[in-house]
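If you want the building blocks of each chain, they are given just below.
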Number of protein chains: 2
Amino acid sequence: MQDNLLGSLVDALRCLPGVGPKSAQRMALHLLERDREGGRNLSRVMAEAMERIGRCTRCRDLTERELCSICSDTRRDDGLLCIVESPVDVLAIEQATAFRGRYFVLLGRLSPLDGIGPEELGLDMLEERLDTEPPQELIVATNPTVEGEATAYYLHKMAEARGISVSRIAHGVPLGGELEYIDQTTLAHAFGSRQSFTPGR
Amino acid sequence: MQDNLLGSLVDALRCLPGVGPKSAQRMALHLLERDREGGRNLSRVMAEAMERIGRCTRCRDLTERELCSICSDTRRDDGLLCIVESPVDVLAIEQATAFRGRYFVLLGRLSPLDGIGPEELGLDMLEERLDTEPPQELIVATNPTVEGEATAYYLHKMAEARGISVSRIAHGVPLGGELEYIDQTTLAHAFGSRQSFTPGR
């Protein structure tokens with residue numbers, strides 16, 4: 001078991017997020033003992049994905065084509081443009097909502113101290129898109145962190161200057177959450193952002 | 001993000017034990033966004049491991065060679081033979097102890113109902129080894145489950161018939177464990193297997 005090839009496999013598996021030495025060992029042995037076909041398939045698909053998957057030229061999402069499937073889908077609504085930080089956010093929104101508009105993926109958030117400015121986020125590309133094909137509504141879905149808020153603010157300015165209406169997804173107490181377990185910042189925000197209540201609306 | 005190649009990668013990652021749809025997604029995106037080199041390397045090593053790693057012809061451990069590194073290490077003690085259920089157990093013992101003897105990997109445990117008899121565990125191979133090169137001591141390190149105990153009993157009989165002394169690793173309260181949190185079976189076993197106590201030994 002101290003052999004080089006098995007050791008290399010265990011080491012290589014550790015590039016996966018959340019996989020430590022014990023899990024990597026367990027994964028390697030599982031594949032070798034019970035699922036070689038799965039391992040071969042994973043190896044094949046991964047090699048292909050690493051080489052071929054790039055960025056959509058329009059929305060910067062991950063895709064192996066020039067345009068991702070969302071950008072090339074003619075049935076989607078060009079009037080709604082949702083701005084997210086990362087490809088995972090696109091997946092999350094697609095899985096959870098019935099949103100049928102377009103996306104733009106920033107691949108990060110404004111963070112001048114880390115050298116991430118508007119250009120790194122492709123905001124020049126977005127600006128051009130807002131100029132040439134302005135949507136009716138820009139939906140800002142950056143994460144509610146300090147940098148995410150700064151990014152949202154920047155996006156708001158950008159859209160406002162072009163007369164595009166901007167919305168931001170709601171932040172507050174999660175459904176099913178209980179007030180006593182919610183962190184103070186979220187609760188304070190939820191309290192401050194209270195909305196008029198019309199039962200049965 | 002609904003593209004086929006990315007979807008295939010997420011699906012393929014799910015062959016890893018303990019990886020559900022969300023983790024697979026996170027792994028795929030992590031590799032694509034931050035560690036393509038790691039992904040390429042993993043793909044390469046995995047392909048090689050799946051093809052080349054087989055069984056050691058002497059101890060049945062996993063290796064890409066005819067003999068594993070432990071069996072081919074001439075400095076190890078032929079007089080001690082440790083019987084374990086799986087390659088993970090070899091790794092665990094090697095990492096935790098200073099054991100310098102040999103191993104034999106059963107790759108399972110006796111379970112007649114599942115069709116796992118002595119032959120499936122390579123016990124004929126082990127029997128031949130005990131006949132031709134008998135060790136001084138056979139250390140039985142099967143897991144303390146019903147099947148593991150049955151296997152231990154079988155191994156004991158086999159060694160006894162050849163006049164080889166047999167030992168079994170100790171089972172009881174884990175170090176650092178507290179009696180009140182130990183399960184009843186373990187505690188009862190530990191109580192029954194109490195040993196004479198000589199402080200400072």
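In the annotation of an unreviewed UniProt entry, chain A is listed under the name Recombination protein RecR and assigned to Marinihelvus fidelis. In its Sequence similarities (unreviewed entry) section, UniProt records this for chain A: "Belongs to the RecR family." As its UniProt record puts it under Function (unreviewed entry), chain A is described as follows: "May play a role in DNA repair. It seems to be involved in an RecBC-independent recombinational process of DNA repair. It may act with RecF and RecO."

For the rest of this paragraph, the subject is the interface of chain A and chain B. In this complex, chain A contributes 57 residues to the contact, which on the side of chain B involves 57 residues. Regarding the contact of chain A and chain B, the summed buried area is about 5,300 Å², with carbon and sulfur atoms giving 66% of it. Remark: the boundary between chain A and chain B carries two salt bridges. Taking the shortest distance from any N to any O, the salt bridge between arginine 40 of chain B and glutamate 51 of chain A comes out at 2.5 Å. Summed over the shared surface of chain A and chain B, the result is nine residue pairs in polar contact (both at pLDDT 80 or more). The set of elements that each furnish at least two residues to the side of chain A that touches chain B consists of helix H1 (4–13), helix H2 (21–34), helix H3 (36–52), strand E1 (54–55), strand E2 (62–63) and helix H4 (87–96) of chain A.

Our focus in this paragraph is the pairing of strand E6 (residues 165–168) of chain A. Residue and element names in this part refer to chain A. Relative to E6, strand E5 (residues 137–140) runs parallel, the two being bridged by four bridges. Each bridged residue has a counterpart across the sheet, and for leucine 138 the counterpart in E6 is valine 166. Taken together, E5, helix H6 (residues 146–160) and E6 constitute a β-α-β crossover, and its handedness is right-handed.

Here, UniProt's "zinc finger region: C4-type" (unreviewed entry) annotation points to residues 56–71 of chain A. Structurally, residues 56–71 of chain A is divided into 0% helix and 12% strand, and its ends, taken at the C-alpha atoms, are 8 Å apart.

A few words on the pattern of salt bridges. All names here are of chain A. What the rule picks out here adds up to 24 salt bridges over all chains. For aspartate 73, the salt bridge identified is with arginine 100, shortest N-O distance 3.8 Å. Here the residue aspartate 73 occupies a position in the loop between E2 and strand E3 (80–84), and arginine 100 occupies one in the loop between H4 and strand E4 (102–105), the gap between them amounting to 27 residues.

With that out of the way, let us pick up the pairing of strand E3 (residues 80–84) of chain B. Residue and element names in this part refer to chain B. Most of E3 is tucked away, with four of its five residues classed as buried. The pairing of E3 with strand E5 (residues 137–140) spans four bridges and is parallel. The residue bridging cysteine 82 from the neighbouring strand is isoleucine 139, located in E5. Judged from the four bridges that link them, E3 and strand E4 (residues 102–105) form a sheet pairing that is parallel. Bridge pairing in E4 places valine 84 opposite valine 105. Each parallel crossover has a hand, and for E3 linked through helix H4 (residues 87–96) to E4 it is right-handed.

Residues and elements named next belong to chain B. Look at helix H5 (residues 123–132) against helix H6 (residues 146–160): their axes get within 11 Å of each other, and the N-to-C directions meet at 30°. The pairing of H5 with H6 is recorded here as roughly parallel in orientation. Crossing of H5 against H6: the hand is right-handed. On H6, the residues that touch Leu123, Leu126, Glu127 and Leu130 of H5 are Tyr154, Leu155 and Met158. Of the residues in the contact of H5 with H6, the class split is six nonpolar, no polar and one charged.

Parameters and conventions
- Residues numbered from 1 in each chain as written.
- Chains lettered and ligands numbered in written order.
- Predicted model: local features only at pLDDT ≥ 70, side-chain atom pairs only at ≥ 80, totals over all residues.
- Heavy atoms only, no water.
- UniProt positions renumbered as here; feature names shortened; annotations may be inferred.
- Contact = heavy atoms within 4.5 Å.
- Buried area = accessible area lost by both parts, 1.4 Å probe.
- Salt bridge = Lys/Arg side-chain N within 4 Å of Asp/Glu carboxyl O.
- Polar contact = N/O pair within 3.5 Å; in protein donor to acceptor, adjacent residues only side chain to side chain.
- Helix = DSSP H or I, 4+ residues; strand = E, 2+ residues; numbered from the N terminus.
- Pairing = 2+ DSSP bridges.
- Right-handed = clockwise from strand over helix to strand, strands pointing away.
- Buried < 20%, exposed > 50% of the residue type's maximum accessible area, 1.4 Å probe, protein only.
- Axes fitted to C-alpha atoms, helices over the stretch in contact; angles between N-to-C directions.
- Parallel < 35°, antiparallel > 145°, perpendicular 65-115°, else oblique.
- Left-handed = near helix turned anticlockwise from the far one by under 90°.
- Nonpolar A, V, L, I, M, F, W, Y, C, P; charged D, E, K, R; others polar.

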